[in-house]
Amino acid sequence: MDRARAALTAFRANPDTLDDLYRAICQDIVEHVGSTRASIWLFNGVKDAIISQCLFDSRDGTFSGGVTLSEDDFPQYFDAIKRDLKIVAPDAEHHPATSCFDEIY
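Reading the values: the criteria
Residues numbered from 1 in each chain as written. Predicted model: local features only at pLDDT ≥ 70, side-chain atom pairs only at ≥ 80, totals over all residues. Heavy atoms only, no water. Helix = DSSP H or I, 4+ residues; strand = E, 2+ residues; numbered from the N terminus. Buried < 20%, exposed > 50% of the residue type's maximum accessible area, 1.4 Å probe, protein only. Areas by Shrake-Rupley, 256 points an atom, 1.4 Å probe, with all protein chains shown as cover. Lys, Arg positive; Asp, Glu negative; His and termini not counted. Charge placed at Lys NZ, Arg CZ, Asp CG, Glu CD. Pairing = 2+ DSSP bridges. 1 Å grid on protein atoms, 1.4 Å probe; cavity = no way out; pocket = protein on both sides within 12 Å on 5 of 7 lines; lining within 4 Å. Points joined across faces, edges and corners; volume = space filled by probe spheres on them. Nonpolar A, V, L, I, M, F, W, Y, C, P; charged D, E, K, R; others polar. Patch = residues over 30% accessible without salt bridge, like charges linked within 9 Å, V, L, I, M, F, W, Y side chains within 5 Å. Salt bridge = Lys/Arg side-chain N within 4 Å of Asp/Glu carboxyl O. Core = buried A, V, L, I, M, F, W, Y, C linked by side-chain atoms within 4.5 Å. Contact = heavy atoms within 4.5 Å.

K.L.:
For this particular structure, what's the right way to read the overall build of the chain?
P.N.:
A count of helical and extended segments in the chain gives three helices and four strands. Secondary structure elements in the chain, listed N-terminal to C-terminal, are α-α-β-β-β-β-α. Taken along its principal axes, the extent of the C-alpha atoms in the chain is 40 × 30 × 25 Å. Relative to its full complement of 105 residues, the chain shows a buried share of 27%. With the model as given, the accessible surface of the chain reaches about 7000 Å², and the carbon-plus-sulfur share is 51%. Taken as two groups, the 10 positive and 18 negative side-chain charges of the chain have centres that lie 7 Å from each other.

Given below as structure tokens:
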């Protein structure tokens, strides 16, 4: 988590480095958890959509962001994250909150 700690220190000194902080957090998650992808999403103002702030894919080393997911399109997912703010889905294809993403993933 050294990358994220360094980015947080830089962000505190210069808030314009928020994107760098998000990137460092996603890279550290992938490295320490052993996943291939990690992302940061934030709710919009009315909490009926989430917007990807940063997605890191370690398979090709790319970063992306700006994708919006709507509660109208994924109601079971939004119910779960509004209730718990986290979803543990070891089998995302069959998990009730995440199976709705089968077609887009």
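K.L.:
Which parts of the structure should I look at to understand the pairing of strand β2 (residues 49-57)?
P.N.:
Along any regular strand the residues' side chains alternate between the sheet's two faces. For β2, the tally of buried residues reaches seven of nine residues, placing the bulk of the element in the interior. One ladder, built from three bridges, connects β2 with strand β4 (residues 68-70); its direction is antiparallel. Bridge pairing in β4 places A49 opposite S70. With three bridges connecting them, β2 and strand β3 (residues 62-64) associate as antiparallel partners. Looking across to β3, one finds that L55 is bridged to S64. Linking two consecutive strands that pair antiparallel, namely β2 and β3, is a turn of four residues; a positive phi of about 70° is found at G61 within it.

K.L.:
What am I meant to see in the layout of surface pockets here?
P.N.:
Empty space among the atoms can be located by rolling a probe the size of a water molecule over them. Taken as a whole, the largest pocket spans an internal volume of roughly 1000 Å³. As for the largest pocket, its lining consists of 25 residues, of which S39, W41, Y77, I87 and T98 are closest to the centre. For the lining of the largest pocket, the elements supplying multiple residues, two or more each, are α2 (18-33), β1 (37-43), β2 and α3 (75-84). In terms of residue count, the dominant contributor to the lining of the largest pocket is β1 (six residues). Per-class residue counts for the lining of the largest pocket are 18 nonpolar, three polar and four charged.

K.L.:
Hey, could you run me through a negative patch on the surface in this one?
P.N.:
Together, D91, E93, D102 and E103 give the surface a local cluster of negative charge. Summarising the element assignment, D91 is placed in the segment after α3.

K.L.:
It is not clear to me how the nonpolar core should be interpreted in this structure. Could you clarify?
P.N.:
Across soluble globular proteins, you tend to see nonpolar side chains buried next to one another. Core analysis: the largest hydrophobic core is formed by eight residues, namely I50, L69, F74, Y77, F78, I81, C100 and F101. When residues in this core are grouped by element, the largest group, three residues, is from α3. Not counting residues up to four positions away in its chain, the partners in contact with F101 are L69, F74 and Y77. Core analysis: the next-biggest nonpolar cluster, separate from the first, contains seven residues, V30, A38, C54 and F56 among them.

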